[in-house]
Amino acid sequence: KLRTDPKKAKHLSPTSTSLKDQVMWMKSYKTRTDQAYFIIENKNNEMLGCIRMYNPSRDSFEWGSWLIVSGALPFVALESALSMYSYAKRLGFRQAKVDVRQENINVWKFHENMFDAVLIKQDEFNRYYQIDQKMIDLNLERYKSLLYA
């Protein structure tokens, strides 16, 4: 539902609305080891969005494909980012990378303001950021009350 919502998914790669195409994609996804999608839920198990980890390397990973339902409380974005960083840290990753569409200003400002993301390059379409372990650890400590045990 989120990925096929034109407003929510306008900064993502296109997704087919065909059930057949989606089933084929899910079968293919189940065989991959280079990415994982996660559902963002609240304490009542209500689905609030999704987020993806991908392109793992020795000590870094990328994340994105981040969608949050309309009307979600503002801290859902921060909680889901912190959850991604906490999980990645448990896996041994020490650095995160994100690329954000130029016109997705709210998201790239979130990364810059909340996690001190460093802009490493940009092109006509995207802004490419790195977040180092120091900033990840600092924010995990600062906002630890937002993370579920």
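Below is a short write-up of the structure. (Residues numbered from 1 in each chain as written. Predicted model: local features only at pLDDT ≥ 70, side-chain atom pairs only at ≥ 80, totals over all residues. Heavy atoms only, no water.)

## What to know about the environment of Phe 110
Rules: The helix count covers DSSP runs of H or I at least four residues long, the strand count covers runs of E at least two residues long, and both are numbered beginning at the N terminus. Under the scheme applied here, a residue whose accessible area is under 20% of the maximum for its type counts as buried, over 50% as exposed, and between as partly exposed, the area being computed with a 1.4 Å probe on protein chains only. Here a residue-residue contact requires only that any non-hydrogen atoms of the pair lie within 4.5 Å.
By secondary structure assignment, the location of Phe 110 is in helix α3 (residues 105-115). Classification of Phe 110 as buried rests on a relative accessible area of 15%. C-alpha of Phe 110 to C-alpha of Ala 77: the two residues are 33 residues apart in sequence and 8.9 Å apart in space. The residues touching Phe 110, leaving out its near neighbours within four places in the chain, are Trp 66, Ala 77, Leu 78, Ala 81 and Phe 115.

## Let's talk about the nonpolar core
Put simply, the test is: Here, the term nonpolar core denotes a set of buried Ala, Val, Leu, Ile, Met, Phe, Trp, Tyr and Cys residues that are joined through side-chain atoms within 4.5 Å.
The biggest cluster of nonpolar side chains holds 29 residues, and the ones touching the most others in it are Phe 61, Trp 63, Trp 66, Tyr 85, Phe 115 and Ile 131. No other element matches the eight residues that helix α2 (residues 75-90) contributes to this core. With residues up to four places along the chain from it excluded, the contact list for Phe 115 reads Leu 78, Ala 81, Leu 82, Tyr 85, Phe 110, Ile 131, Met 135 and Asn 139.

## Observations concerning the pairing of strand β6 (residues 126-132)
Where we set the bar: DSSP-based pairing: two strands are paired if at least 2 bridges between them are found.
Note: strand β4 (residues 95-101) against β6, seven bridges, orientation antiparallel. Along β6, the bridge assignment pairs Ala 96 with Ile 131. In terms of strand pairing, strand β5 (residues 118-122) meets β6 through four bridges, oriented antiparallel. Across the sheet, Lys 121 pairs through a bridge with Tyr 128, a residue of β6.

## Thoughts on the packing of α2 against α3
Condition: Every axis in this analysis is a line fitted to C-alpha atoms, fitted for helices over the stretch in contact. Angles between the N-to-C directions lie between 0 and 180 degrees. Orientation categories follow fixed angle ranges, with anything under 35 degrees roughly parallel, anything over 145 roughly antiparallel, 65 to 115 roughly perpendicular, and all other angles oblique. Should the near helix be turned counterclockwise from the far one by less than a right angle, the crossing is left-handed, whereas a clockwise turn marks it as right-handed. The nonpolar class holds Ala, Val, Leu, Ile, Met, Phe, Trp, Tyr, Cys and Pro. Asp, Glu, Lys and Arg form the charged class, and all remaining residues, Gly among them, are polar.
Two elements in contact, α2 and α3, have axes whose closest approach is 12 Å; the angle formed by their N-to-C orientations is 70°. By the criterion of interaxial angle, the relationship of α2 to α3 is roughly perpendicular. By crossing handedness, the relation of α2 to α3 is classed as right-handed. Of the residues in α3, those touching α2 at Ala 77, Leu 78, Ala 81, Leu 82 and Tyr 85 are Phe 110, His 111, Met 114 and Phe 115. Split into classes, the residues belonging to the contact of α2 with α3 amount to eight nonpolar, one polar and no charged.

Purely spatial values, then, with no claim about function.
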